[in-house]
Amino acid sequence: ISSLKLEKIIQRFGVSIYTPDELNGIIGTFDIDVVQAPLNVFDRRILGVIDQLAALNIELHVRSVFLQGVLIAGPAGRPQRFEPWSEHFALFDEWVHSTGMSAMACCLGFALQQPGVTKLVIGTTSANSLAEIMGSIPDSILDVPVQLQSSIEQLIDPRFW
């Protein structure tokens, strides 16, 4: 990797992970510059290694801030497979309502206010959708309930859906 950088074939090298455990054997073995990982109000696992990444000058780019769109779908739009966690989603919906903001703004605000997060990776299907996302970025710090955090893989990891 270092030789590819020296030869100007690549500028930066990164990895995309689902869990922080996947970094074991990567950090210290490979000269990585960027880690891309999921982060949202439910899935905060990457925050446990954010200081380690920062100390190694590794940028953190986060994805799945909307949990593949489930968090911004609203109660009526959520797939049936999430029914086992309806109480968890109810807490989320109550919190969003209490902020006076949209679910989209709450999700973006949570991710953007995390120290060490360098970039957000957002998927969209149209220019209008992108404009809505860009217009939803809050300018205030959110108090996000710790109770929203979950380690239930069937909820937070799309590979289990």
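Predicted model, so just to flag it, every value in this text is computed and none were measured.

**Student:** I would appreciate a short explanation of the overall build of the protein in the present structure.
**Tutor:** Secondary structure assignment for the protein yields six helices and four strands. In terms of overall dimensions, the protein is globule-like: its C-alpha atoms have a radius of gyration of 17 Å, near the 15 Å expected for 161 residues. Pairs at least 24 apart in sequence give 69% of the contacts found in the protein among residues at least 6 apart. When the accessible surface of the protein is split by element, carbon and sulfur atoms take 52% of a total near 9000 Å². Positive and negative charge centroids in the protein, built from 10 and 17 side chains respectively, lie 7 Å apart.

**Student:** Looking at this structure, how should I read the packing of aromatic side chains?
**Tutor:** Aromatic ring pairs are reported here in terms of the distance separating the ring centres and the angle at which the planes meet. Within this structure, the stated rule accounts for six aromatic pairs. Centre to centre, the rings of F42 and F89 are 5.2 Å apart; their planes meet at 65°, and the pair counts as edge-to-face. Separated by 47 residues along the polypeptide, F42 in the loop between β2 (34-38) and α2 (50-55) and F89 in helix α3 (residues 86-99) bring together distant segments of the chain. Relative accessible area serves as the criterion here: at 0%, F42 is assigned to the buried category.

**Student:** What exactly am I supposed to notice about the pairing of strand β3 (residues 59-63) here?
**Tutor:** Here is the key point about a regular strand: its side chains alternate between the two faces of the sheet. The element β3 is largely enclosed, with a buried count of four among its five residues. Between the parallel elements β2 and β3, the chain passes through α2 in a crossover that is right-handed. Strand direction decides the pairing type here: β3 and strand β4 (residues 117-120), joined by three bridges, are parallel. Pairing of H61 across the sheet is with K119, part of β4.

**Student:** It is not clear to me how the environment of D157 should be interpreted in this structure. Could you clarify?
**Tutor:** Within the secondary structure layout, D157 lies in the segment after α6 (153-156). Along the backbone, D157 and Y18 are 139 residues apart, and their C-alpha atoms lie at a distance of 7.6 Å. A polar atom in the side chain of D157 sits 2.6 Å from the side chain of R159.

**Student:** Can you walk me through the pattern of salt bridges in this structure?
**Tutor:** It is possible for side chains bearing opposite charge to pair when their charged atoms get close. Enumeration over the complete set of coordinates arrives at four salt bridges. Its salt-bridge partner being E59, residue R12 comes within 2.6 Å of it at the nearest N-O pair. Here R12, found in the loop between α1 (2-6) and β1 (14-16), pairs with E59, found in strand β3; they are 47 residues apart in sequence, far enough to count as distant. Here R45 and D43 are joined by a salt bridge, their closest N and O atoms 2.8 Å apart. Given the relative accessible area of 0%, D43 is considered buried.

Rules used in this analysis
Within each chain, residue numbers correspond to sequence positions counted from 1 in written order. Given that the model is predicted, a residue must reach a pLDDT of at least 70 before its local features are reported, and side-chain atom pairs must reach 80 or more before they are shown or counted; all residues, however, enter totals for whole chains, interfaces and linings. For side-chain calculations, the full set of non-hydrogen atoms in the structure is used, while hydrogens and water are omitted. For the purposes of this entry, the term helix denotes a DSSP run of H or I that reaches at least four residues, the term strand denotes a run of E that reaches at least two, and both are numbered from the N terminus. Only C-alpha atoms enter the radius of gyration, while the globule expectation follows 2.2 Å times N to the 0.38, with N the number of residues. Pairs of residues are marked as contacts when any of their non-hydrogen atoms sit within 4.5 Å. Using the Shrake-Rupley algorithm and a 1.4 Å probe, accessible areas are obtained, with residue cover drawn only from the displayed protein chains. In this charge count, Lys and Arg are treated as positive and Asp and Glu as negative; neither His nor the chain ends contribute. Just so you know, the charge point we use is NZ for Lys, CZ for Arg, CG for Asp and CD for Glu. Under the pairing criterion, centres of Phe, Tyr and Trp rings, with the six-membered ring standing for Trp, must be within 6.5 Å; the plane angle then separates stacked pairs below 30 degrees from edge-to-face pairs above 60, leaving the rest tilted. Think of it in three bands: residues with accessible area under 20% of the maximum for their type are buried, residues over 50% are exposed, and the middle band is partly exposed, with areas taken using a 1.4 Å probe on protein chains only. By definition, the crossover connecting two strands over a helix is right-handed if that path, from the first strand to the second, turns clockwise as seen with the strands pointing away from the viewer. At least two DSSP bridges between two strands are needed for those strands to be called paired. Polar contact is defined as a pair of N or O atoms within 3.5 Å, subject to the rule that within protein one atom must be able to donate a hydrogen and the other to accept it, and that residues adjacent in sequence are counted only when both atoms are side-chain atoms. For this document, the term salt bridge refers to a Lys or Arg side-chain nitrogen within 4 Å of an Asp or Glu carboxyl oxygen.

Function cannot be read off these values alone, since they describe shape.
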